[in-house]
Amino acid sequence: FIAAEKVQMEDDITASVVVPAGYVNGCAAAVLESGHSVKLAKNCEYRLFQRPDDAIIPGFDKQTELEMAQAGNFMANYEPLRGETLAEVVDDVLTLSKFTAPMRERLEQAARDGVTVVSSAHPRLVDGKPSKNPRYLQVRPDLVNPVRRYVAEVGARFHRKLPLGAPVCTPVDAVLTGRRNNPPEPGIRALAVYNPIHYQELPELFMDFVCSLTGKSPSTTGAGSEGALTKAPFNALRPTVDLNNALVSYILTGYAGFSSSAGHIGPDLKVNHDVSLLIPEIWARLSEQERDPRYLIAKDYLEAVPDFEYQGRTVLGSRLGYRITERFVAHILGKIFDNPQAVFNAAILRPETQDLAVFVDGVENICEAQERVARRYIEDGSIEDACPPLKALLYIMAEGHYQDRQVQDPAIRALFTREALLASDWYQERLEVQQARDIQLARRLVVSVQQFLELRHYADEADRLDAAARLERAKARLATVQDPAYLEALVGTLGADPLQPARETLLEAQRQAA
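A brief look at the structure comes next.

The rules behind these values
Counting from 1, residues in each chain are numbered in the order their sequence is written. In keeping with the model being predicted, local features are shown solely for residues with a pLDDT of at least 70 and side-chain atom pairs are shown and tallied solely at 80 or more, while totals for entire chains, interfaces and linings include all residues. As a convention, hydrogens and water are excluded, and side-chain values are obtained from all of the structure's heavy atoms. The numbering of helices and of strands both runs from the N terminus, where a helix is a DSSP run of H or I of at least 4 residues and a strand a run of E of at least 2. For the accessible areas, the method is Shrake-Rupley and the probe is 1.4 Å, while residue cover comes only from the protein chains on display. For this analysis, residues touch if any pair of their heavy atoms sits within 4.5 Å. In this description, a line fitted to the C-alpha atoms serves as the axis of each element, helices being fitted only across the stretch in contact, and the angle between N-to-C directions of two axes falls anywhere from 0 to 180 degrees. Each angle receives one of four descriptions, namely roughly parallel if under 35 degrees, roughly antiparallel if over 145, roughly perpendicular if within 65 to 115, and oblique otherwise. Side-chain classes are defined by residue name, with Ala, Val, Leu, Ile, Met, Phe, Trp, Tyr, Cys and Pro counting as nonpolar, Asp, Glu, Lys and Arg as charged, and the others, Gly among them, as polar. An expected span of 1.5 Å times one less than the residue number is assigned to each helix. Buried means the residue's accessible area, taken with a 1.4 Å probe over protein chains only, is under 20% of the maximum for its type, while exposed means over 50%, and partly exposed covers the values in between. Note that the arc is defined by the directions from the helix axis to the C-beta atoms. Side-chain atoms within 4.5 Å link the members of a nonpolar core, which is a set of buried Ala, Val, Leu, Ile, Met, Phe, Trp, Tyr and Cys residues. Only one rule defines a salt bridge in this text: a Lys or Arg side-chain nitrogen within 4 Å of an Asp or Glu carboxyl oxygen. Strand pairing requires that DSSP identify at least two bridges connecting the strands. Residues adjacent in sequence count toward polar contacts only when both atoms are side-chain atoms; beyond that, a polar contact is any pair of N or O atoms within 3.5 Å, and within protein one must be able to donate a hydrogen and the other to accept it. Aromatic rings from Phe, Tyr and Trp, with only the six-membered ring used for Trp, were paired whenever their centres fell within 6.5 Å, and each pair was classed as stacked if the ring planes differed by under 30 degrees, edge-to-face if by over 60, and tilted otherwise. Lysine and arginine charges are scored as sitting over a ring when NZ or CZ, respectively, is within 6 Å of the ring centre and within 35 degrees of the ring normal. Here, patches come from residues exposed beyond 30% relative accessible area and free of salt bridges, joined within 9 Å for like charges and within 5 Å for nonpolar side chains (Val, Leu, Ile, Met, Phe, Trp, Tyr). For this count, His and the chain ends are skipped, Lys and Arg are scored as positive, and Asp and Glu as negative. In this description, the location of a charge corresponds to atom NZ of lysine, CZ of arginine, CG of aspartate or CD of glutamate.

What follows deals with the overall build of the protein. Tallying secondary structure elements over the protein gives 23 helices and 17 strands in all. Dimensions of the protein along its principal axes, counting C-alpha atoms only, are 80 × 70 × 50 Å. Summed over all atoms, the accessible surface of the protein reaches about 27500 Å², with 53% contributed by carbon and sulfur.

See the structure below:
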């Protein structure tokens, strides 16, 4: 038995690019054989915004105690300990002895120096109760201890038989999202309808992404739509731009969207993040074939959640996609559990058996939230900026149909295929807009370098920077992006969203080229 280890390299903010797999060297053979594009991701952050829930137990979370005992930290929602308050903590020998040495020594030193300090086990008190949202900024573990990432990279290099000088390409190869679920509470509707692992085809997956519905979380005051796509103050563009880009990315890459439950599975079982923490262990033991949802469905490892009638109304259970079955538990979870059926029983695999009324309310909560969010796109007119498959999806979310077709209609499902995307006029327009923008940028660079060379009093600086050679490279780049073949080379990339200014740029570039 070899335990899998998760090497976390990013958290909230990531820069990514989508390119055809053939453009990247050092990919795994299966990636190249798929014919799909790949997404390459790069972390933009030096620190990770962590919520160390288990650190409230002294000595339990050794990593958090080590990091919070260091100097130069940023911590939020921790109780400032000083004077008599700190003395009570330090004088409680039984509790103090349970801390790891770094945190214990930090507290004792602060008491001797008479300064304020925070403890990993003492969140801020709000109305007399500990906050459920303590946070600290953790320096990325792969920067603090780079050997773990190095070992992972060398292992991939050996497996792919890549020479030392060749880069190791590690594109995204699985989309494994987490879901925050909750049972019904006063003022909070139920959202505990998912079993441990679900798979959703692209239309249902994107309904969830558009809505960004989440259950009650320790980091929020309630439940509702949450997530990057709902943070309007942080984005000057309409959210349709992000949604268009994300949808094109998923269609081009063909990634399957799996999700795991956190919080609750059904109203009766609380799981915290247990299932989500198991996902790396599970996926590390699956072959490429076993990760393919088509294979999992064919082998009855996944079952479709059906629509059903309840008290005279139709409940759209199909919005939940597919969920794991007893066969998945026995054949796949058996790789890491001696007796997986004892852990994942029928009540966990089918949450509706715990309380059907709560299950129905949870599904209707999802559908109503999706309808409410989609109607905003219709009311403010931004639906007209949505690409055709997204536009169809928004109308289906809001009204149940698009051009008299429901989401199960083959014509609607076909909109979300790679073949339909590559053959569509709207995707071709995205590529043309991208080429126009690249031409505009390349032309601006040529003009800028030429103007710099014409400034006589900067002649020495121009020589030092070898500006003449830079000008030649800029001209070569301009010739490349103006070539009709460049448009073909963009196939398999995101292109660019054809906002109104972009259309004007495209027309201007076409006029100049003529």
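Our focus in this paragraph is the environment of Leu393. Structurally, Leu393 can be placed in helix H16 (residues 388-399). Spatially, the C-alpha atom of Leu393 lies 7.0 Å from that of Pro203, the residues being 190 residues apart in sequence. With near-sequence residues (within four places) excluded, Leu393 lies in contact with Pro203, Phe206, Met207 and Phe416.

Attention now moves to the packing of helix H9 (residues 239-253) against helix H19 (residues 425-453). Two quantities define a packed helix pair, namely the angle between the axes and the distance from one axis to the other. Running from N to C, H9 and H19 point in directions that differ by 110°, and their axes come no closer than 13 Å. The angle between the axes of H9 and H19 places the two elements in the roughly perpendicular class. Side by side, H9 and H19 meet where Asn244, Asn245, Val248 and Leu252 of the first sit next to Trp426, Tyr427 and Arg430 of the second. Across the contact of H9 with H19, the residue classes break down as four nonpolar, two polar and one charged.

For helix H5 (residues 101-113), which comprises 13 residues, the first-to-last C-alpha distance of 18 Å matches the rise-based estimate of 18 Å (1.5 Å per residue) to within 8%. When H5 is considered as a whole, its buried residues turn out to be Met103, Leu107 and Ala110. Looking straight down H5, one finds its buried side chains confined to an arc of 65°; they lie on one side. In this structure, the buried side of H5 is in contact with helix H2 (62-68), helix H3 (83-91) and helix H4 (93-96). Where H5 terminates, the next one or two residues include Gly114, which has phi positive at roughly 70°.

Counting residues in each nonpolar core, the largest one holds 56 residues, and the members touching the most others are Leu202, Phe206, Val210, Leu247, Leu390 and Leu394. Where this core is concerned, the elements lending two or more residues are strand E1 (14-20), helix H8 (202-211), H9, helix H15 (356-379), H16, H19, helix H21 (467-482) and helix H22 (484-489). For this core, the element with the highest residue contribution is H16, accounting for eight residues. In this view, Phe206 contacts Leu243, Ala246, Leu247, Tyr250 and Leu393; residues no more than four positions away in its chain are not counted. In this structure, Ile279, Leu296, Ile332 and Leu349 belong to the second largest nonpolar core, which totals 24 residues.

Overall, the coordinates contain 23 salt bridges when judged by the stated rule. Its salt-bridge partner being Arg350, residue Glu326 comes within 2.6 Å of it at the nearest N-O pair. Taken together, the residues span a long stretch of sequence, with Glu326 in helix H12 (residues 326-331) and Arg350 in the loop between helix H14 (346-349) and H15 at a distance of 24 residues. For Glu326, a relative accessible area of 38% corresponds to the partly exposed category. Across the pair Arg405 and Asp409 runs a salt bridge whose closest N-O atoms are separated by 3.2 Å.

Below, the discussion takes up the pairing of strand E13 (residues 269-272). Across three bridges, strand E12 (residues 257-265) lies against E13 in antiparallel orientation. Its bridge partner lying in E13, Gly263 is registered against Asn272. Turn length for the E12-E13 hairpin, with the two strands adjacent in sequence and antiparallel, is three residues, and the turn residue Gly266 shows positive phi of about 70°.

Before going further, it helps to examine the side chain of Glu364. Its place among the elements puts Glu364 in helix H15. In contact with Glu364, not counting residues within four places along its chain, are Arg189, Arg313 and Val315.

What follows deals with the side chain of Asp497. Take Asp497: it is sitting in the loop between H22 and helix H23 (500-513). Its relative accessible area of 6% is what places Asp497 among the buried residues. A polar contact of 2.9 Å, which involves the side chain of Asp497, links it to the side chain of Asn244. Here the side chain of Asp497 touches Arg430 through a polar contact of 3.1 Å, side chain to side chain.

One pass over the structure, following the stated rule, counts 11 aromatic pairs. Measuring from ring centre to ring centre gives 5.8 Å for Phe209 and Tyr250, while their planes differ by 55°; the resulting arrangement is tilted. Residue Phe209 is found in helix H8, and its partner Tyr250 is found in helix H9; the two are separated by 41 residues along the sequence. What makes Tyr250 buried here is its relative accessible area of 13%. Ring pairing ties together the aromatic residues Tyr199, Phe258, Trp283 and Tyr322, which thus form one cluster. The ring of Phe49 carries Arg135 above its face, with NZ or CZ at 4.8 Å from the centroid. Residue placement shows Arg179 over the ring face of Tyr194; its charged tip is 4.0 Å from the ring centre.

Taken together, the side chains of Glu84, Glu88, Asp91 and Asp92 make up a negatively charged region of the molecular surface. Along the chain, Glu84 turns up in helix H3.

Time to look at unusual backbone geometry. For Asn77, which is not glycine, the phi torsion reads 65° and is therefore positive. Its location among the elements puts Asn77 in the loop between strand E4 (75-76) and H3. Although it is not a glycine, Ser212 sits at a positive phi angle of roughly 55°. Mapped onto the elements, Ser212 comes out in the loop between H8 and strand E10 (213-214).

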